[in-house]
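Breakdown of the fold
So the chains spell out like this:
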Amino acid sequence: MATQTAVLERTAVRKTAQTGDTVARLVALTFASVVLLIVAVLVFELWVGSAAARHKLGWSFLFSSDWDPVTEKFGAAPFMYGTVVTSVLALLISVPLGVGAAVFLSELAPASISNALTFLIELLAAIPSVIYGMLALFTLVPLMRNYGEPFLKKSFGFLPLFRGPAFGVGFLTAGMILAVMSFPFIISVSREALLAVPRDQREASLALGATRWETTSQVVVPYARLGILGSIFLGLARALGETMAVTMVIGNDPSIHASLFAPGYTIAAVIANEFTEATGSVYPAALVELGLVLFCITIVINALARILILATTSKGSKRP
Amino acid sequence: MKRQLLALAGVCALGVSVAAAQHITAAGATFPAPVYQKWFDEYHKMHSGVEVNYQSIGSGAGIQQLTSGTVDFGASDMPMTDAQISKVKVHTLHFPTVLGAVVPTYNIAGVTAELKFSGEALAGIYLGDIKKWNDPALMKDNPGVKLPAEDIVVVHRSDGSGTSFIWTDYLSKVSPTWKSKVGANTSVSWPAGLGGKGNEGVAGTVKQTPNSIGYVELIYAIQNNMAYGSVKNEAGAYVKASLATVSAAAAGAAKEMPEDFRVSITNAPGKTAYPISSFTWMLIPSEIPDAGKAQAIKAFLQWMVTDGQKMTSALAYAPLPKEVVAKETKQIAMIK
């Protein structure tokens with residue numbers, strides 16, 4: 001009798017636990033599908049909204065570098081170029097600095113300093129981008145025009161990258177401000193990844209006679225590489241989509257130049273600049289299609305990131 | 001006496017209660033938004049029943065919202081084209097509200113004198129044909145000023161704006177090359193130069209870049225105490241932009257004003273007319289199905305072209321000339 005009630009009770013408990021599981025699963029599923037739904041609606045809206053431009057311009061939209069609202073000739077090439085160049089420049093600057101800073105904060109700095117600095121870095125991430133833009137326009141641009149660009153021209157002028165008049169605004173300055181903006185993300189996420197490396201790993205390496213530097217560079221950083229890569233793509237995402245700060249310092253000229261001193265334009269910037277005053281049917285549609293292009297660029301880059309992560313993971317697991 | 005007062009109070013109460021339901025939404029141009037907000041605010045203080053919610057989302061977006069019928073009226077810095085008007089279900093009337101102007105501003109190392117520009121010179125600079133400050137065309141406009149042999153850095157607006165429309169509309173009128181190569185619009189394919197976002201972006205870039213030239217709204221230049229040049233008008237005089245010279249341009253154009261007010265007054269005739277001036281318009285449907293709303297909008301327009309005009313100067317907008325006000329009053333009667 002007693003055992004019977006116990007069994008009954010146990011099944012009741014199991015049943016409530018099971019219903020709890022089901023509810024939790026349904027709730028989680030709903031949340032996950034909302035994300036999918038938002039992406040689907042986004043793509044649908046971009047596709048429908050750009051119909052007029054897609055029909056009129058076709059594939060030439062992607063390769064043309066004309067952007068003339070008066071004659072309704074639109075091409076995405078200069079904007080795609082500007083978006084990619086500024087983002088790559090931003091990563092070139094912010095990755096070594098960001099990862100280096102994260103290594104210092106997690107491996108070398110005393111805990112109190114590390115915590116204080118991390119707090120400040122996370123504050124940087126919360127500053128609105130228009131503030132970065134103002135800072136860049138009034139501080140970075142004059143510095144670049146008067147010192148930075150003349151110096152680069154004098155030292156590396158033999159490269160086509162560093163030729164032409166120094167306006168102060170252009171690809172290089174935009175890349176630099178983007179680097180500053182993606183910096184906090186890279187540091188803070190990389191630091192978390194490095195801190196998550198188990199103590200055993202470090203101690204084992206040190207016990208085998210490795211120096212501190214060897215331990216950091218050959219054990220800790222490779223162990224945390226997934227997190228570090230994740231931080232880099234977070235930074236890249238910010239750089240690709242950034243609007244205000246970029247438009248204030250890039251010069252807003254839709255043309256493709258080899259020189260990094262030249263003014264350029266990015267996709268996000270042109271949409272923000274021209275959408276409010278775009279009239280007619282093709283012009284606004286062309287801007288929406290630019291949004292679609294940016295979406296595709298983001299997907300391609302994220303896919304590349306996945307492949308890179310998969311490739312490095314399998315390589316790592318084969319290591320003896 | 002008492003009865004009269006009572007009756008008066010009754011009429012007032014009636015007026016208020018009739019108007020009480022009027023929530024009017026409008027959207028459009030950003031350039032006149034400060035004076036519109038002031039007007040709607042002041043008008044609401046006097047007629048507590050009428051509330052206008054104006055969203056300054058840009059001329060293009062204003063026209064779009066008017067076309068799709070999501071707002072009661074729109075506002076734009078450039079007149080609607082025939083194609084745009086035909087897309088709106090109800091015929092749209094244009095009401096000029098205030099005047100704006102665009103001025104050339106520059107920063108040349110070592111030059112403190114106020115520069116003069118002819119339309120051809122400005123077009124040449126913005127086409128990239130005039131490359132140096134000591135170009136003969138600029139020397140001719142500015143005798144006695146020592147202009148340096150430096151490259152001109154051209155700055156234009158990067159965002160679509162009515163300011164760019166007025167500027168390019170003027171350049172199209174004075175330069176056939178500009179008209180055929182570039183044209184007039186809120187954004188164009190600029191042959192030369194850097195783009196700055198907003199008036200502040202252009203002003204900031206010009207201020208910082210030696211030997212540069214840009215263009216900003218007159219109001220922005222006045223409010224920020226910026227130096228700006230004078231421009232040669234159709235009569236051949238170099239005129240500096242001010243509220244008086246901008247109103248003069250409107251008065252000059254008023255004689256040939258078309259019935260629907262869709263007119264560009266850049267390069268207007270008149271000795272004192274500043275040539276880079278423009279109206280900005282409210283776009284009102286000619287038929288408003290809600291009678292109360294129609295009445296409220298008509299009353300507001302009547303107030304705007306009369307008492308409302310007295311508030312514009314304080315905000316640095318040029319008021320409408322008398323000739324235009326008289327014509328607009330006639331058009332108000334056309335709203336049903």
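Criteria and thresholds
- Residues numbered from 1 in each chain as written.
- Chains lettered and ligands numbered in written order.
- Predicted model: local features only at pLDDT ≥ 70, side-chain atom pairs only at ≥ 80, totals over all residues.
- Helix = DSSP H or I, 4+ residues; strand = E, 2+ residues; numbered from the N terminus.
- Rg over C-alpha atoms; globule rule 2.2 N^0.38 Å.
- Buried ≥ 20, exposed ≤ 12 C-beta atoms within 10 Å, placed from the backbone.
- Contact = placed C-beta atoms within 7 Å.
- Pairing = 2+ DSSP bridges.
- Axes fitted to C-alpha atoms, helices over the stretch in contact; angles between N-to-C directions.
- Domains from an automatic or database assignment.
- Expected span 1.5 Å × (residues − 1).
- Nonpolar A, V, L, I, M, F, W, Y, C, P; charged D, E, K, R; others polar.

Another aspect to go through is the overall build of chain A. Assigned secondary structure in chain A consists of 13 helices and 2 strands. Its C-alpha radius of gyration of 25 Å places chain A more than 25% over the 20 Å reference for a compact globule of 320 residues. Principal-axis analysis of the C-alpha atoms places the extent of chain A at approximately 90 × 55 × 40 Å. Split into buried and exposed, the 320 residues of chain A put 38% on the buried side. In chain A, 77% of the contacts between residues at least 6 apart in sequence involve partners at least 24 apart.

So, on to the sheet that holds strand β5 (residues 116–117) of chain B. Taken together, 3 strands build an open sheet; the order of strands is β5-β9-β10 (chain B) and the sheet is mixed. One side of each edge strand has no neighbouring strand; the edge strands of this open sheet are β5 and β10 (238–239) of chain B.

Residues and elements named next belong to chain B. Spatial strand order, β2-β1-β3-β11-β4-β8-β6-β7: 8 strands in an open sheet with mixed pairing. Two strands lie at the open edges of the sheet, namely β2 (51–56) and β7 (194–196), each paired on one side alone. Recorded for the sheet is a direction-independent mean angle of 25° between the axes of neighbouring strands. In the sheet, strand β6 (residues 153–157) pairs with strand β8 (residues 212–217) via 2 bridges, with the strands oriented parallel. Opposite valine 153, over in β8, you have serine 212 as the bridge partner.

Bringing the domain arrangement of chain A into the picture now. Domain parsing of chain A yields domain 1 (2–49) and domain 2 (54–317). Computed over C-alpha atoms only, the centres of domain 1 of chain A and domain 2 of chain A are separated by 38 Å.

Bringing helix α11 (residues 243–254) of chain B into the picture now. Residue and element names in this part refer to chain B. If you check α11, its first and last C-alpha atoms are 16 Å apart, about what 12 residues at 1.5 Å a residue would give, namely 16 Å. By the criterion of burial, α11 is predominantly enclosed, with 10 of the 12 residues buried. Of the positions making up α11, those classed as buried are Thr245, Val246, Ser247, Ala248, Ala249, Ala250, Ala251, Gly252, Ala253 and Ala254. Lining the buried residues of α11 we find β4 (92–107), α10 (218–223), β10, β11 (277–285) and α13 (322–332).

Once that is clear, we can look at the domain arrangement of chain B. All names here are of chain B. The assigned domain composition of chain B is domain 1 (23–99 + 278–332) and domain 2 (101–255). The C-alpha centroid of domain 2 is placed 29 Å from the C-alpha centroid of domain 1. Residue-level contacts link 19 residues of domain 1 with 16 residues of domain 2. For the side of domain 1 that touches domain 2, the secondary-structure elements that each account for two or more residues are α3 (59–68), β11 and α13. Broken down by element, the side of domain 1 that touches domain 2 gets its largest block of residues, 3 residues, from β11. Partitioning the side of domain 1 that touches domain 2 into residue classes produces 12 nonpolar, 5 polar and 2 charged.

Our next topic: the environment of B:Leu315. All names here are of chain B. Position of leucine 315 relative to the elements: it lies in the loop between α12 (291–305) and α13. For leucine 315, a count of 15 C-beta atoms within 10 Å translates into the label partly exposed. In sequence terms leucine 315 and aspartate 141 are 174 residues apart; their C-alpha atoms lie 32 Å from each other. Those residues within four positions of leucine 315 in sequence are excluded, and the remaining contacts are Pro34, Val35 and Lys38.

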